[in-house]
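Listed below, chain by chain, are the residues.
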Amino acid sequence: MIKILKYSFYDLMRSRWSYIYFLFYLILGFVLLFLNNDVSKAVITLMNIIIILVPLIGTIFGVMYYYNSKEFTELLLAQPIKRSSIFLGQYFGVAGSLTLSLVLGLGIPFVLYGLFKSDAIFDFSLLLVTGAFLTLIFTALSFNIALSNENKIKGFGYAVLLWLFLAVIYDGIFLMSLIIFKEYPLDTFSLTATMLNPIDLSRTLILLKLDISALLGYTGAVFKQFFGTNTGLVISMVMLVLWTAIPVWRLSYKANRKDF
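What you see is a predicted model; the values in this text were computed from it and never measured. (Residues numbered from 1 in each chain as written. Predicted model: local features only at pLDDT ≥ 70, side-chain atom pairs only at ≥ 80, totals over all residues. Heavy atoms only, no water.)

Draft legend 1. Spatial organisation of the overall build of the protein chain. Along the protein chain, the regular secondary structure elements total 11 helices and zero strands. If you list the helices and strands of the protein chain from N to C, you get α-α-α-α-α-α-α-α-α-α-α. Considering the protein chain as a whole, with its 260 residues, one finds that 48% of them fall into the buried category. The contacts of the protein chain with a sequence gap of at least 6 include a subset with a gap of at least 24, amounting to 81%. On the protein chain, roughly 13,400 Å² of surface is accessible, and the fraction owed to carbon and sulfur atoms is 69%. (Helix = DSSP H or I, 4+ residues; strand = E, 2+ residues; numbered from the N terminus. Buried < 20%, exposed > 50% of the residue type's maximum accessible area, 1.4 Å probe, protein only. Contact = heavy atoms within 4.5 Å. Areas by Shrake-Rupley, 256 points an atom, 1.4 Å probe, with all protein chains shown as cover.)

Right under this line is the structure:
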């Protein structure tokens, strides 16, 4: 698996799209810090971009890489190599290269700016951690979708639909539910619904650590009471780990049983 991971990683690092992805965050970081001396405000702006863009890029790159390397994968399947090693190696190669581009692209400007001397270092670190988790989660989900659909158009369609549902439609359903059932206690429902969507969970964690939960009203107070504590932070990180581990496990399970 390590050799396949290295091949996939170096293959993507040679791709111009990886450099474009890296340069986008590098330029974005410098521009935000140039226009805004407050690191906390820069983190808020980055959050709004990362929460939407990172899952989309992870989804598209995962599906594209799977379908584009299909012939090479079939060649590897003819060799005495475990199926799970092939697909997990490809997955970690793709997710690793995207995560590295994200971390370096945003990390370099903030380190040069003097982030280690700022009080916002924890907020920025949390932003990078949640961004890395979103990359791992949505790349794994896209690999699962591609592995389950031989047709490229269907694979791309389902992958984009999944991103659209979790990024946009889910919030609409969540908000409508809160409005319809406003007569009932919704504390537990709100917390559960937030943890069942990695994008919402990441957004909530960052917003609460920036101490602007007052803008969220009563719901923000409930979230602050739970996610603002150390226990809430640990539980949230465990949920992000589960969101990563379950699709990866299914990818390995599906690969070992799929008839190629």
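Having put the structure on the table, let's press on.
Draft legend 2. Structural context of the side chain of Thr 204. For Thr 204, the position within the fold is in helix H9 (residues 198-209). According to the relative accessible area criterion, Thr 204 is buried, its value standing at 8%. Within the structure, Thr 204 has its side chain in polar contact with the backbone oxygen of Asp 200 (distance 2.8 Å). (Polar contact = N/O pair within 3.5 Å; in protein donor to acceptor, adjacent residues only side chain to side chain.)

Draft legend 3. Broad picture of the pattern of salt bridges. Summed over the entire model, instances satisfying the criterion amount to three salt bridges. A salt bridge links Arg 203 to Asp 171, with the shortest nitrogen-to-oxygen separation between them at 3.7 Å. Linking Arg 203 in helix H9 with Asp 171 in helix H7 (residues 152-180), this pair joins segments that are 32 residues apart in sequence. Assessed through its relative accessible area of 24%, Asp 171 is described here as partly exposed. When the shortest N-O distance is used, the salt bridge between Asp 200 and Arg 203 registers 2.7 Å. Of this pair, Asp 200 and Arg 203 both sit in helix H9, three residues apart, roughly one helical turn. Through salt bridges with shared partners, a single ionic network connects Asp 171, Asp 200 and Arg 203. (Salt bridge = Lys/Arg side-chain N within 4 Å of Asp/Glu carboxyl O.)

Draft legend 4. Representation of the nonpolar core in the model. In terms of nonpolar packing, the biggest core is built from 63 residues, with Tyr 25, Leu 46, Ile 50, Leu 106, Phe 124 and Leu 127 touching the most fellow members. Breaking this core down by element, the ones donating at least two residues are helix H1 (2-13), helix H2 (16-35), helix H3 (39-68), helix H5 (83-113), helix H6 (121-148), H7, H9 and helix H11 (230-257). If we ignore the near neighbours within four places in the chain, the residues touching Leu 127 are Val 43, Leu 46, Met 47, Ile 50 and Ile 206. Counting five residues, the second-largest nonpolar core is a separate cluster that includes Tyr 170, Phe 174, Leu 186 and Ala 193. (Core = buried A, V, L, I, M, F, W, Y, C linked by side-chain atoms within 4.5 Å.)

Draft legend 5. The arrangement of the packing of aromatic side chains in detail. Counting across every chain of the model gives 12 aromatic pairs. Plain terms: the ring middles of Tyr 21 and Tyr 25 are 5.0 Å apart, the flat faces sit at 80° to each other, and that makes the pair edge-to-face. Note that Tyr 21 and Tyr 25 are positioned in helix H2 at a spacing of four residues, about one turn of the helix. Per residue, the accessibility class of Tyr 21 equals that of Tyr 25, and both read buried. On the numbers, 5.3 Å between centres and 25° between planes, the contact of Trp 249 with Tyr 253 is stacked. (Phe/Tyr/Trp six-rings, centres within 6.5 Å; stacked < 30°, edge-to-face > 60°.)

Draft legend 6. Fine view of the packing of H5 against H6. Running from N to C, H5 and H6 cross one another at 155°; their axes reach a closest spacing of 9 Å. Taken together, H5 and H6 sit at an angle that is classed as roughly antiparallel. Crossing geometry of H5 relative to H6 is assigned as right-handed. Side by side, H5 and H6 meet where Phe 87, Gln 90, Tyr 91, Val 94, Ala 95, Leu 98, Thr 99, Leu 102, Val 103, Leu 106, Gly 107 and Phe 110 of the first sit next to Phe 124, Leu 128, Gly 131, Ala 132, Thr 135, Leu 136, Thr 139, Ala 140, Phe 143 and Leu 147 of the second. Looking at the contact of H5 with H6, its residues break down into 16 nonpolar, six polar and no charged. (Axes fitted to C-alpha atoms, helices over the stretch in contact; angles between N-to-C directions. Parallel < 35°, antiparallel > 145°, perpendicular 65-115°, else oblique. Left-handed = near helix turned anticlockwise from the far one by under 90°. Nonpolar A, V, L, I, M, F, W, Y, C, P; charged D, E, K, R; others polar.)

Draft legend 7. Summary view of H2. The end-to-end C-alpha distance of H2, which contains 20 residues, comes to 28 Å, matching closely the 28 Å that a straight helix rising 1.5 Å per residue would cover. Looking at H2, one finds that the buried residues are Ser 18, Tyr 21, Tyr 25, Leu 26, Leu 28, Gly 29, Leu 32 and Leu 33. All buried residues of H2 project into a common sector of 160° when viewed along the axis, lining one side. In H2, those exposed residues whose orientation departs by more than 90 degrees from the buried face are Arg 16, Ile 27, Phe 34 and Leu 35. (Expected span 1.5 Å × (residues − 1). Arc of directions from axis to C-beta.)

Draft legend 8. Examining a nonpolar patch on the surface more closely. On the surface, Tyr 158, Leu 161, Leu 164, Phe 165, Val 168, Ile 169 and Ile 173 cluster together into a nonpolar patch covering about 600 Å² of accessible area. Mapped onto the elements of the fold, Ile 169 is located in helix H7. (Patch = residues over 30% accessible without salt bridge, like charges linked within 9 Å, V, L, I, M, F, W, Y side chains within 5 Å.)

Draft legend 9. Fine view of the environment of Thr 59. Locating Thr 59 in the fold gives a position in helix H3. The buried category is assigned to Thr 59, whose relative accessible area is 4%. Between the C-alpha atom of Thr 59 and that of Ser 142, which follows or precedes it by 83 residues, the distance is 5.1 Å. Non-local contacts of Thr 59, meaning those with residues more than four positions away in its chain, are made with Phe 138, Ser 142, Ala 159, Val 160 and Trp 163.

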